[in-house]
Every structure is written in C-alpha cells, then in structure tokens.
Amino acid sequence: MHKSLRLAAIASACALAGGALYGAGAATAGQSTANSTHEPYNIGLLVKDIDTYYGTAADANGVYQASPTSPYAKDLARIDADAKRYIDRAARKAHRHGEKPAVVFDIDDTLLLSLDYEKRYNYTYNSTTWADYVNKADRPGVFGSAELVRYAQSEGVEVFYNSGLSEAQRTAAVENLKKIGADVNLDATHMFLKDKANPPSYLSACATPGTWTCTTVQYKAGTREHIEKDLGYEIVANFGDQYSDLDGGYANRTYKLPNPTYFVS
C-alpha cells in the first residue's frame, strides 16, 4: 500500500467522511488537498479529533483499538445497513436477468483496520515497518466488514478483493482475513494484489514485467474491468476507504468507508 499523503484529510473528514455513500448521491469533496493562504488546521488538534472519532484506546496488550461505540463505528453501521439492503435487491435483480453479481472489497482499512500502525508511527509511512506490520497478520477487522463479506456470499454474490497490498503479502493477508472471519474466496482467482514483477496482461497499458507506472485508479479500475469483461461478472458494489479505490467505473454502486488517517491518490 502506497500512502502518498498522511494527515491530509481536512478536519471535517474526521466526523463526516464515512457517514455518506460515494457515488450514491452524496457530495464527494473532502479528500483533496487544499491550496489556501489561510493557516491550515493544527496537526495536534487533528490527531485529537481522529482519536475522538475512532474512540481510540490501547487494550490490555497495548494495541490501539477503535471503540465499538465510536462515531466511526456508527458511521460504518449505517453504511453496512444500506449496503446489505442494496446487495439484496441487486442480487435478486441480477439473478432474474441471468447475470453473475459480484462485490469488490479493498482490504486495508476497508476490511482490516490499521489504526494501531498509524498511532504507533505517528501517522507516517515507512515501507519496512508497514511490511512488518502486515506480515504479523494480526490486524483487527473493520467493524462489520467480515459480516458484510459473508452476507454477500449468502446472497449468491461472488466476493472479490482488490488491494494495493503486494503479491509478497498474500499469505499474511489471507491469514489475517481468516482470523477476522472473512474466510470467503481467499484464493488467487478472487484476491487481486499488486504484482509488479509479473503484472497481468489486462494492465499492460501501464504495467509490464519490471515496469509499473499504474496509478491506484488505473490498477483498481483495470482489475474491476477484468472482473466484468473477462470473467463475466456484474459488479453491483465496490467498497473502499479511499476515493482512488472507487474511481474509474466498473461498479454499479460505490461505498466510501471512513478513513481520516491517510490519503491515497
């Protein structure tokens, strides 16, 4: 996962970013960096706002966790409730028309919560510490995420994963998703990760063996296009914590989950 801008979301994102659907009639502003002459929001106060939003507290093992009664958890519950209603309708419609419905999930901070990493490293990113953290395969689940994955499967909807994690992190990602109860379609034909050494042919416009120039949008939208055009599925819903997880089309509806801790362009 390349985290290009940390702490770049404006303060209002802490309380509001996750409470609405992206691509379902809601405003899409709030994740862009602002060019302004006025004094930016104080970073110390922003960190406090983020802690309040998550209800951040260290557990008995010293691991930072989000509170199940936090504004963050409440925002997620609203999104999940809407998504379940929509998936139910979309699945029934797709099956009536002989289509193969699918849902696509990002992984980092869509299914697996990275709050402990953010707190420990003061909202900064380092490829080595991040790889070590991911490879521990011990992140808690984003509230409601595993249940939503299982719900989609129960409705006859094919589950796919579209993540910025690298191919080298596949084993850890699978292990971690199993731990949180999202043990659905965790094989290589359903979980798409970045393979810069041997990129798939459907990304040939921006990636060839050893040369990767794909933006996040190109990579993720290109993968969704592959799921629809090559594999024959109709993506009824696409879930992500970044707008770059969602932009580029090839999904009937997109759901933006809250994440005020970093921004991926």
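This text follows the structure it describes.
The following paragraphs examine the structure supplied in this document. (Residues numbered from 1 in each chain as written. Predicted model: local features only at pLDDT ≥ 70, side-chain atom pairs only at ≥ 80, totals over all residues. Heavy atoms only, no water.)

1. Let's talk about the side chain of E228
The topology assignment puts E228 in helix α8 (residues 216-230). Buried E228, no salt bridge; nearest opposite-charge side chain is R224, N-O distance 7.6 Å. Excluding its chain neighbours within four sequence positions, the residues that come into contact with E228 are Y233, E234, I235, Y250 and A251. (Helix = DSSP H or I, 4+ residues; strand = E, 2+ residues; numbered from the N terminus. Buried < 20%, exposed > 50% of the residue type's maximum accessible area, 1.4 Å probe, protein only. Lys, Arg positive; Asp, Glu negative; His and termini not counted. Salt bridge = Lys/Arg side-chain N within 4 Å of Asp/Glu carboxyl O. Contact = heavy atoms within 4.5 Å.)

2. What to know about the nonpolar core
Within the largest apolar cluster, 51 residues are counted, with the highest numbers of intra-cluster contacts made by V103, F105, I107, Y161, L177, M191 and F239. Sorting elements by how many residues they give to this core places helix α3 (residues 71-96) first, with 8 residues. Among residues more than four places away in sequence, those in contact with L177 are I107, L111, L112, Y161, A182, D183, L186 and M191. Counting 13 residues, the second-largest nonpolar core is a separate cluster that includes V104, W212, C214 and I227. (Core = buried A, V, L, I, M, F, W, Y, C linked by side-chain atoms within 4.5 Å.)

3. Focus on the pairing of strand β9 (residues 234-240)
Burial analysis of β9 places 6 of its 7 residues in the buried class, which makes it a mostly covered element. Taken together, the 5 bridges between strand β4 (residues 101-105) and β9 define a ladder with parallel strand orientation. Within β9, the residue paired with A102 across the bridge is I235. Two strands pair when backbone bridges link them, and β9 and strand β10 (residues 254-256) are joined in this way by 3 bridges, in the parallel orientation. Each bridged residue has a counterpart across the sheet, and for G240 the counterpart in β10 is K256. (Pairing = 2+ DSSP bridges.)

4. Considerations on the environment of Y133
Within the secondary structure, Y133 is located in helix α5 (residues 127-135). Residues Y133 and D116 lie 17 residues apart in sequence; the distance between their C-alpha atoms is 9.5 Å. Ignoring any residue separated from it by four or fewer positions in sequence, one finds Y133 in contact with L113, S114, D116, Y117 and R139.

5. A short note on the packing of α3 against helix α6 (residues 145-154)
Contact geometry of α3 with α6 gives a least axis separation of 10 Å together with a crossing angle of 5°. By the angle between their axes, α3 is roughly parallel relative to α6. Touching D80, A83, K84, I87 and D88 of α3 are S145, L148, Y151 and A152, all from α6. Partitioning the contact of α3 with α6 into residue classes produces 5 nonpolar, 1 polar and 3 charged. (Axes fitted to C-alpha atoms, helices over the stretch in contact; angles between N-to-C directions. Parallel < 35°, antiparallel > 145°, perpendicular 65-115°, else oblique. Nonpolar A, V, L, I, M, F, W, Y, C, P; charged D, E, K, R; others polar.)

6. So, the side chain of H226
Tracing the backbone shows H226 in helix α8. At a separation of 2.8 Å, a polar atom in the side chain of H226 contacts the side chain of D230. Ignoring sequence-local partners within four residues, the contact set of H226 consists of F192, Y202 and L231. (Polar contact = N/O pair within 3.5 Å; in protein donor to acceptor, adjacent residues only side chain to side chain.)

7. Points about the pattern of salt bridges
Tallying each qualifying case throughout the model produces 13 salt bridges. Notably, a salt bridge pairs R170 with E167, separated by 2.7 Å at the nearest N-O pair. When salt bridges that share partners are traced, they join D82, R85 and R253 into one network.

8. Looking at the sheet that holds strand β5 (residues 158-166)
Ordered by their spatial adjacency, 5 strands build an open sheet running β6-β5-β4-β9-β10, and the pairing between neighbours is parallel. Of all the strands in the sheet, the pair left with one neighbour each is β6 (191-194) and β10. When the angles between neighbouring strand axes are averaged without regard to direction, this sheet yields 15°. Helix α7 (residues 170-179) contacts β5 and β6 of the sheet and is inclined by roughly 140° relative to β6. Against the sheet, α8 contacts β4, β5, β6 and β9, and its axis sits at roughly 150° relative to β5.

9. A few points about the pairing of β4
Of all 5 residues making up β4, 5 are buried, and the element is well covered by its neighbours. Every second residue of β4 is oriented toward a common face, with P101, V103 and F105 on one face and A102 and V104 on the other, all of them buried. Direction of pairing for β4 relative to β5: parallel, over a ladder of 4 bridges. Within β5, the residue paired with F105 across the bridge is Y161.

10. As for empty space enclosed by the protein
Evaluation of the coordinates by the stated rule reveals 1 cavity of 30 Å³ or more. In this structure, the largest cavity occupies an estimated 60 Å³ of space. Looking at the lining of the largest cavity, the elements with two or more residues in it are α3 and α6. Among the elements that line the lining of the largest cavity, the one with the most residues is α3, at 3 residues. (1 Å grid on protein atoms, 1.4 Å probe; cavity = no way out; pocket = protein on both sides within 12 Å on 5 of 7 lines; lining within 4 Å. Points joined across faces, edges and corners; volume = space filled by probe spheres on them.)

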